[in-house]
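Structure assessment
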Amino acid sequence: FLFKWDIDRIVEKKSTAAVTPLEADEQEEFAAWLNAKGFVWAHIPNERKATARVMGELARQGVKAGFPDNFIAEPCGGSHGLFIELKRAKKTLSRVSPEQRQWIKALNEKGYAACVCYGAEAAKRTVLEYLGEEKWQPGKSLKKSHRPRW
C-alpha cells in the first residue's frame, strides 16, 4: 500500500536522476548524424548475444571479436578510412576489451585511422577532426592550435 506522497517521491527520483545513454542509444544518435551529413559508412554489429551454435556459425563466417563498431569510408590525410569503436559517454560504464585494443592498433598500422570514442558527441568531433574540419583529439579539450593526429 503506497500513499500519494510515496508515489510522488518515486516519480521525482526517476525524473531527476541523470541517466547515461546506453551504447545502442549513442550508436543511433551517431548513425543519424552520419546519415544526415551524407557519409558513406557502415555499422558492424558484432556485439550481439547469441547461442554457442550461432556464435560458432558467425565465427566461421568471419565475425571477429573486438572489431570496431563503425567504418567511415572517407580517405583523408593519408588514411584509407576511419574506424570508431563507440562506447557509452561515461567512461566508468564502458570497458575497452583487449581484442578491441588489438584491432585499433592493427588498423592504425595498416593505414586506417582507428580509435575509441566515448559517446556520440565525441564520435562526431572525431569525424570532424579526421576530416580536418575541427581540431580535436579524443579525451582532450578543443584547442585551436592542436593539429589532427591523423
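Note that the structure is a prediction, hence the values are computed from the model and not measured. (Residues numbered from 1 in each chain as written. Predicted model: local features only at pLDDT ≥ 70, side-chain atom pairs only at ≥ 80, totals over all residues. Heavy atoms only, no water.)

1. Let's talk about the sheet that holds strand S1 (residues 41-43)
- Taken in spatial order, the four strands make up an open sheet running S1-S2-S3-S4, and their pairing is mixed. For this open sheet the edge positions go to S1 and strand S4 (113-118), each flanked by a neighbour on one side alone. The average undirected angle you get between the axes of adjacent strands in this sheet is 20°.
- Each of S1, strand S2 (70-72) and strand S3 (82-87) is contacted by helix H2 (residues 23-37), which is oriented at about 145° to S3, the strand it contacts most.
- Relative to S4, helix H4 (residues 98-109) is tilted by about 145°, and along the sheet it contacts S3 and S4. (Pairing = 2+ DSSP bridges. Helix = DSSP H or I, 4+ residues; strand = E, 2+ residues; numbered from the N terminus. Axes fitted to C-alpha atoms, helices over the stretch in contact; angles between N-to-C directions. Contact = heavy atoms within 4.5 Å.)

2. Here we look at the pattern of salt bridges
- In the structure shown here, the tally under the stated rule is five salt bridges.
- A salt bridge links Glu57 to Arg53; the nearest nitrogen and oxygen atoms lie 2.5 Å apart. Of this pair, Glu57 and Arg53 both sit in helix H3 (residues 52-61), four residues apart, which is roughly one turn of the helix.
- With a relative accessible area of 57%, Arg53 lands in the exposed category.
- Measuring nitrogen to oxygen at the nearest pair gives 3.3 Å for the salt bridge that ties Lys105 to Glu109. Taken as a pair, Lys105 and Glu109 lie in helix H4 at a separation of four residues, close to a single helical turn. Take Lys105 and Glu109: they sit in the same class, and that class is exposed. (Salt bridge = Lys/Arg side-chain N within 4 Å of Asp/Glu carboxyl O. Buried < 20%, exposed > 50% of the residue type's maximum accessible area, 1.4 Å probe, protein only.)

3. What to know about the nonpolar core
- Counting residues in each nonpolar core, the largest one holds 19 residues, and the members touching the most others are Phe30, Leu34, Ile72, Ile84 and Val127.
- Elements represented by at least two residues in this core include exactly H2, S3, S4 and helix H5 (120-130).
- Take this core: its biggest share by element is six residues, from H5.
- Those residues in contact with Ile72 that sit more than four places away from it in its chain are Phe30, Leu34, Phe39, Val40, Trp41, Gly81, Leu82, Ile84 and Val127. (Core = buried A, V, L, I, M, F, W, Y, C linked by side-chain atoms within 4.5 Å.)

4. Details of the pairing of S4
- The buried count for S4 comes to five of six residues, which makes it a mostly enclosed element.
- Where S3 lies against S4, six bridges are found, and the strand directions are parallel. Considered in S4, the bridge of Leu86 is made with Cys117.
- The β-α-β motif built from S3, the intervening H4 and the parallel element S4 has right-handed crossover chirality. (Right-handed = clockwise from strand over helix to strand, strands pointing away.)

5. Some words on the pairing of S3
- Counting buried residues in S3 gives six out of six residues, a clear majority hidden from the surface.
- Taking every second residue as pointing to the same face, both faces of S3 are buried, with Leu82, Ile84 and Leu86 on one and Phe83, Glu85 and Lys87 on the other.
- Where S2 meets S3, three bridges bridge the pair, whose relative direction is antiparallel. By the bridge assignment for S3, Asn70 is matched with Ile84.

6. Some words on the layout of surface pockets
- Each pocket or cavity is described by its volume, and for the largest pocket that value is around 260 Å³.
- Considering the residues around the largest pocket, the lining is formed by 17 residues, among which Asn46, Glu47, Arg48, Ala65 and Gly66 are closest to the centre.
- Of all the secondary-structure elements, those providing two or more residues to the lining of the largest pocket are H3 and S3.
- Sort the elements by how many residues they give to the lining of the largest pocket and H3 lands first, with three residues.
- In terms of residue class, the lining of the largest pocket is made up of six nonpolar, three polar and eight charged. (1 Å grid on protein atoms, 1.4 Å probe; cavity = no way out; pocket = protein on both sides within 12 Å on 5 of 7 lines; lining within 4 Å. Points joined across faces, edges and corners; volume = space filled by probe spheres on them. Nonpolar A, V, L, I, M, F, W, Y, C, P; charged D, E, K, R; others polar.)

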